[in-house]
Amino acid sequence: QVQLVESGGGLVQPGGSLRLSCAASGSIVSISDVGWYRQAPGKQRELVAAITSGGYTNYADSVKGRFTISRDNAKNTVYLQMNSLKPEDTAVYYCNAAILGRGGYTHNRYWGQGTQVTVSS
């Protein structure tokens, strides 16, 4: 059984910073690409940042220069460092990862439960 758990969300003032974590647990053989998504009320879920197993990254235009995605393969954890936060960054943030579990043959995609980020004064 593979599980993804996000943490690190909260309430922050505009201009502030937060670091989100996405930790994978269970019988994991390998983790391929991982993405951070967000969904604001009344809006579709959108990709914010992604990182490959080799460390290549890409970002939504709206967060370039402010957010940084990174991974610690030894800890099966991916981070999203969010700086210069704006009210429009308010959303539930989810991680999605392609994971090969023990006994499996392909990487399956898993979602975490989400963590709320609220940017407000």
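Structure's up top.
All figures in this text were calculated on a predicted structure; none of them were measured in a lab.

Undergrad: It is not clear to me how the environment of Arg 38 should be interpreted in this structure. Could you clarify?
TA: Along the chain, Arg 38 falls in strand S4 (residues 28-39). Sequence spacing of Arg 38 and Ala 49 is 11 residues, and the spatial spacing of their C-alpha atoms is 9.7 Å. Apart from residues lying up to four places away in sequence, Arg 38 is in contact with Gln 44, Arg 45, Glu 46, Val 48, Ser 62, Val 63, Phe 67, Glu 88, Asp 89, Ala 91, Val 92 and Tyr 93. A polar contact is formed between the side chain of Arg 38 and the side chain of Ser 62, at a distance of 3.4 Å.

Undergrad: Looking at this structure, I do not really get the environment of Ile 51. What am I missing?
TA: On the secondary structure map, Ile 51 appears in strand S5 (residues 46-51). You can call Ile 51 buried: its relative accessible area is 4%. For the pair formed by Ile 51 and Asn 73, sequence separation is 22 residues and the distance between their alpha carbons is 12 Å. If near-sequence neighbours (up to four positions away) are discounted, Ile 51 is found in contact with Ser 32, Asp 33, Val 34, Tyr 56, Thr 57, Ile 69, Ser 70, Arg 71 and Val 78.

Undergrad: Any chance you could explain unusual backbone geometry here in plain terms?
TA: With the exception of glycine, the majority of residues adopt a negative phi angle, and the majority of peptide bonds are in the trans configuration. One non-glycine residue with positive phi stands out, namely Asn 76, at about 50 degrees. Inspection of the secondary structure puts Asn 76 in the loop between strand S7 (67-72) and strand S8 (77-82). For Asn 76, a relative accessible area of 28% gives the class partly exposed. The backbone of Ser 84 sits at a positive phi, close to 50 degrees, despite the residue not being glycine.

Undergrad: Got a minute to help me understand the state of the cysteines in this structure?
TA: Working definition of a disulfide: a covalent bond connecting the sulfur atoms of two cysteines. Applying the stated criterion across every chain, the model contains one disulfide. With a sulfur-sulfur separation of 2.0 Å, Cys 22 is cross-linked through a disulfide to Cys 95. An S-S torsion of about 65 degrees defines the bridge between Cys 22 and Cys 95 as right-handed. Here Cys 95 lies in strand S9 (residues 91-101) and Cys 22 lies in strand S3 (residues 18-25), a separation of 73 residues in the sequence.

The rules we used
Residues numbered from 1 in each chain as written. Predicted model: local features only at pLDDT ≥ 70, side-chain atom pairs only at ≥ 80, totals over all residues. Heavy atoms only, no water. Helix = DSSP H or I, 4+ residues; strand = E, 2+ residues; numbered from the N terminus. Contact = heavy atoms within 4.5 Å. Polar contact = N/O pair within 3.5 Å; in protein donor to acceptor, adjacent residues only side chain to side chain. Buried < 20%, exposed > 50% of the residue type's maximum accessible area, 1.4 Å probe, protein only. Disulfide = S-S within 2.5 Å.

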